[in-house]
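# What the coordinates show
One-letter residues, chain by chain:
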Amino acid sequence: ESDQFLFSVDDETFVKNHLREGLTLDASALAELQRQSDTRRAKEKALGYLSLRDHSSGELYEKLCRTFDAPSAAAAVAEMRRLGLLDDERFARSRAVWLAGQNKSEREIRFQLERKGVDRDIVDRVMDELAPDETEACCALVRKSYLRKLAGGEREKVLAALARRGFGYGAAKEAVERCLLELEEEREDFE
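Residues numbered from 1 in each chain as written. Predicted model: local features only at pLDDT ≥ 70, side-chain atom pairs only at ≥ 80, totals over all residues. Heavy atoms only, no water.

Below, the discussion takes up a nonpolar patch on the surface. Residues Leu47, Leu83 and Leu85 make up a contiguous nonpolar surface patch of about 240 Å² in total accessible area. A relative accessible area of 41% means that Leu47 is categorised as partly exposed. (Patch = residues over 30% accessible without salt bridge, like charges linked within 9 Å, V, L, I, M, F, W, Y side chains within 5 Å. Areas by Shrake-Rupley, 256 points an atom, 1.4 Å probe, with all protein chains shown as cover. Salt bridge = Lys/Arg side-chain N within 4 Å of Asp/Glu carboxyl O. Buried < 20%, exposed > 50% of the residue type's maximum accessible area, 1.4 Å probe, protein only.)

Have a look at this one:
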């Protein structure tokens, strides 16, 4: 007979299974208690994560797997979906709109969503709906971060910077040309 500590059981699992001090359980009953308790804790942890911000199913599962086994994490994700607290399409839509507002390229938005565990079909659907204006995003980015370089004649460096951020050449070129025109008009206004 051993008085070693094996694992702790959360209160709900304790009450639900009518546990009491001195109760003897076999290995399979102990394993089932641990599974129930781990799943319960994973659900509580999932609620904690979701109380801070929206997550995709894949992202939440990955975070939960850092602490819990895969079945407990999967059960918690399934429960959050059942409760309507987890919706990958809603998450993808709001994240894509936010990223577009940060002047991210369509390629960067897709990459970020897929990195968060959003299914490619959902990403495609959301991006088709959003249809971000790449040229306008490029213009905003040039105005915000690259106008001084552009005014200094470093057109190719600005185009390269936009390419590194995932913008296509056509959109970047058009944005640079627009911003060059704006710079020229400003110069004429001051003369």
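Once that is clear, we can look at the state of the cysteines. Scanning the model with the defined rule gives zero disulfides in all. Not part of a disulfide, Cys138 finds its nearest cysteine sulfur in Cys139, a span of 7.1 Å. (Disulfide = S-S within 2.5 Å.)

For the rest of this paragraph, the subject is the packing of aromatic side chains. Each aromatic ring pair is described using two quantities: the centre-to-centre distance and the angle formed by the ring planes. All told, the structure shown has zero aromatic pairs when counted by the stated rule. Positioned above the aromatic ring of Tyr49 is the side chain of Lys63, whose terminal nitrogen or guanidinium carbon lies 4.9 Å from the ring centre. (Phe/Tyr/Trp six-rings, centres within 6.5 Å; stacked < 30°, edge-to-face > 60°. Lys NZ or Arg CZ within 6 Å of the ring centre and 35° of its normal.)

Here the focus is the nonpolar core. Membership of the largest hydrophobic core comes to 18 residues, with the highest contact counts inside it found for Cys138, Val142, Tyr146, Leu150, Val158 and Leu162. Within the residue set of this core, elements represented by two or more residues are helix H8 (134-151), helix H9 (155-164) and helix H10 (169-190). Looking at this core, the element that brings in the most residues is H8, giving seven residues. Filtering out sequence-adjacent residues up to four positions away, Tyr146 remains in contact with Leu141, Val158, Ala161, Leu162 and Arg165. Counting twelve residues, the second-largest nonpolar core is a separate cluster that includes Ala42, Ala46, Leu50 and Phe68. (Core = buried A, V, L, I, M, F, W, Y, C linked by side-chain atoms within 4.5 Å. Helix = DSSP H or I, 4+ residues; strand = E, 2+ residues; numbered from the N terminus. Contact = heavy atoms within 4.5 Å.)

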